[in-house]
Each structure stands twice: as structure tokens, then as C-alpha cells.
Amino acid sequence: QRLKAAVHYAVGCLCQEVAEDKDVQFSKQSIAAISEITFRQCEIFAKDLEMFARHAKRTTVNTEDVKLLARRSNSLLKYITQKSEELASSNMEQKEKKKKKSSAAKGGRTPGEQEAAVTENEDSNMA
């Protein structure tokens, strides 16, 4: 019920913004109808996402499932793809920063310097 109320509130806010921009009025009944349709569509999306993940023998919904759900809307699919790529690159940057911090804490060397040190040790052991 709280989720339904939150959807109704969000739809009401969006309708108010549109009303101000377009100089139109929304009745309470039309806002309620839009809210109900939105909530039902979200339930359908949730079930579809769950089925996509289950079909792939996974228990977790991932970005590929969301892209599959959005496949009928080219603009939405393009937007989701762009955002997922941005998130992926951001995650990679954070992982690189963590690697550098952990390697600096271990020996004060970067991964390249550590590899060179290992090679030097192997060379001296062979001699």
C-alpha cells in the first residue's frame, strides 16, 4: 500500500509539472487512473524481469534483462544501454583505484613495479 501511495504521489507531482508547462488541468480521477495503470505496468515489468532471469537460470535480475524488457522502445533501450555503460566504466575506475591503493599499501609499488621486482628476483635466483 505504501508503494502504491508513493506511485500515486509521484504521478501527481508529474501531472502538476505538466499542467504548469502546458497550461492544462488534471482531474483527481485522471491522476488516480494514471497511477493505477503505472502501478500495474510496473508489476508486469517486475514479473517479466523475474522470468527473464529465471529463464537464464539466474536468481538475480541484471542489466541484460532490463535491456531485453526495453527492447520495443528504441529510445529507452538506447538510454539504458548508455547508462549501463557509464556505470560499468565508473565501476572499473573505482576498482582500479582500489587496486592502486592496496598495492601501494602492501609495498609501495605499482603493479608494473611489482612485476619488475619479481622478474629481478627470479633472475638473481637463476644466477
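Below or above, wherever it landed, is the structure these notes cover. (Residues numbered from 1 in each chain as written. Predicted model: local features only at pLDDT ≥ 70, side-chain atom pairs only at ≥ 80, totals over all residues. Heavy atoms only, no water.)

**A closer look at helix α1 (residues 2-22)**
In an α-helix, one turn spans 3.6 residues, which is why side chains three or four residues apart end up on the same side. Here α1 is 21 residues long and its end C-alpha atoms lie 30 Å apart, about the 30 Å a rise of 1.5 Å per residue gives. Along α1, the residues classified as buried are Val 7, Val 11, Cys 15 and Ala 19. Considered in projection along α1, the buried side chains sweep an arc of 110° and stay on one side of the axis. In this structure, α1 carries Arg 2, Tyr 9, Glu 20 and Asp 21 as exposed residues pointing more than 90 degrees from its buried face. Taken together, the buried residues of α1 touch α2 (28-55). Taken from the residues just after α1, Asp 23 is the one with a positive phi, measuring 55°. (Helix = DSSP H or I, 4+ residues; strand = E, 2+ residues; numbered from the N terminus. Expected span 1.5 Å × (residues − 1). Buried < 20%, exposed > 50% of the residue type's maximum accessible area, 1.4 Å probe, protein only. Arc of directions from axis to C-beta. Contact = heavy atoms within 4.5 Å.)

**Regarding α2**
Between its first and last C-alpha atoms α2 spans 41 Å; for 28 residues at 1.5 Å apiece the expected length is 40 Å, and the two agree. Those residues of α2 that sit buried are Ile 31, Ser 35, Phe 39, Leu 49 and Ala 53. Looking at the buried residues of α2, the elements they touch are α1 and α3 (63-69). One or two positions beyond α2, positive phi appears at Lys 57, with a value near 60°.

**A closer look at the nonpolar core**
Residues Val 7, Val 11, Cys 15, Ile 31 and Phe 39 constitute the largest nonpolar core, which totals five residues. Of all elements in the fold, only α1 and α2 reach the threshold of two or more residues within this core. Element by element, the count of residues in this core is highest for α1, at three residues. Leave out the neighbours within four places in its chain, and Ile 31 touches His 8, Val 11, Gly 12, Cys 15 and Phe 26. (Core = buried A, V, L, I, M, F, W, Y, C linked by side-chain atoms within 4.5 Å.)

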